[in-house]
Amino acid sequence: DAMGDKNGYAIIPTQNKGLCTLCDVNVWVVCSSGLEIKWCKGCKNFRPWAAFGDKGLATKCLRCRERQREKYALQKEEKEKARMQKSKAKV
């Protein structure tokens, strides 16, 4: 539910560095500067909200999303190479 678990406690995942699941989705404003910040689940740190680009509600900043895309493409390429070698071995 919106308040965390059924007991009303916020849930703090171990990978969130002490930040609860209610806080890691919000955009925060630094009072002294007016800077809007948001938690990036890739960096595991607060980043300027602008770093999330057009997808301001995303869980990862642009840099982390790009890194994730590259990692996925490499994994896909490796799987394809392995599949091709396996099919060559059968011939």
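Residues numbered from 1 in each chain as written. Predicted model: local features only at pLDDT ≥ 70, side-chain atom pairs only at ≥ 80, totals over all residues. Heavy atoms only, no water.

Asker: Would you take a moment to explain the overall build of the chain for this structure?
Answerer: The helix and strand inventory of the chain stands at 1 helix and 3 strands. In sequence order, the secondary structure elements of the chain are arranged as β-β-β-α. Here the C-alpha atoms of the chain give a radius of gyration of 19 Å, more than 25% beyond the 12 Å that 2.2 N^0.38 yields for 91 residues. Expressed along its principal axes, the backbone C-alpha trace of the chain runs to roughly 65 × 35 × 20 Å. (Helix = DSSP H or I, 4+ residues; strand = E, 2+ residues; numbered from the N terminus. Rg over C-alpha atoms; globule rule 2.2 N^0.38 Å.)

Asker: Which parts of the structure should I look at to understand the side chain of Asp24?
Answerer: By secondary structure assignment, the location of Asp24 is in the segment before strand 1 (27-29). Among the polar contacts made by the side chain of Asp24, one reaches the side chain of Asn16 at a distance of 2.8 Å. Apart from residues no more than four positions distant in its own chain, Asp24 is found in contact with Asn16, Leu19, Lys38, Trp39 and Lys41. (Polar contact = N/O pair within 3.5 Å; in protein donor to acceptor, adjacent residues only side chain to side chain. Contact = heavy atoms within 4.5 Å.)

Asker: In this structure, what is going on with the sheet that holds strand 1? I would like to understand it.
Answerer: Consider a sheet: its strands pair through backbone hydrogen bonds, and that pairing is either parallel or antiparallel. In space, the 3 strands of this open sheet follow the order 1-2-3, with antiparallel pairing throughout. The open sheet terminates on both sides in strands that have one partner only, identified here as strand 1 and strand 3 (45-48). Direction aside, the axes of adjacent strands within the sheet are offset by 40 degrees on average. When strand 2 (residues 36-40) meets strand 3, the two strands line up antiparallel, connected through 4 bridges. Among the inter-strand pairings, Trp39 is bridged to a residue of strand 3, identified as Phe46. (Pairing = 2+ DSSP bridges. Axes fitted to C-alpha atoms, helices over the stretch in contact; angles between N-to-C directions.)

Asker: Whenever I open this one, the packing of aromatic side chains confuses me. Can you help?
Answerer: Aromatic rings in a pair are described by how distant their centres are and how their planes are angled relative to each other. Inspection of the entire model under this criterion finds 1 aromatic pair. With a centroid separation of 5.2 Å and an interplanar angle of 75 degrees, the aromatic rings of Trp39 and Phe46 are classed as edge-to-face. The class of Trp39 is buried, set by a relative accessible area of 5%. Positioned above the aromatic ring of Phe52 is the side chain of Lys38, whose terminal nitrogen or guanidinium carbon lies 5.3 Å from the ring centre. (Phe/Tyr/Trp six-rings, centres within 6.5 Å; stacked < 30°, edge-to-face > 60°. Buried < 20%, exposed > 50% of the residue type's maximum accessible area, 1.4 Å probe, protein only. Lys NZ or Arg CZ within 6 Å of the ring centre and 35° of its normal.)

Asker: What am I meant to see in the pattern of salt bridges here?
Answerer: Between side chains of opposite charge, a pair can form when the charged atoms approach closely. On inspection of all chains with the given rule, the structure shows 4 salt bridges. The shortest N-O distance in the salt bridge between Glu66 and Arg69 comes to 2.9 Å. Here the residue Glu66 and the residue Arg69 both occupy positions in helix 1 (residues 62-90), the gap between them amounting to 3 residues, near one helical turn. Taking the shortest distance from any N to any O, the salt bridge between Arg83 and Glu80 comes out at 2.6 Å. One end of the pair, Arg83, and the other, Glu80, are both in helix 1, 3 residues apart, so they sit about a helical turn from each other. Residue Arg83 is classed as partly exposed on the basis of its relative accessible area of 49%. (Salt bridge = Lys/Arg side-chain N within 4 Å of Asp/Glu carboxyl O.)

Honestly, that's just the spatial picture; any functional story needs more than this.
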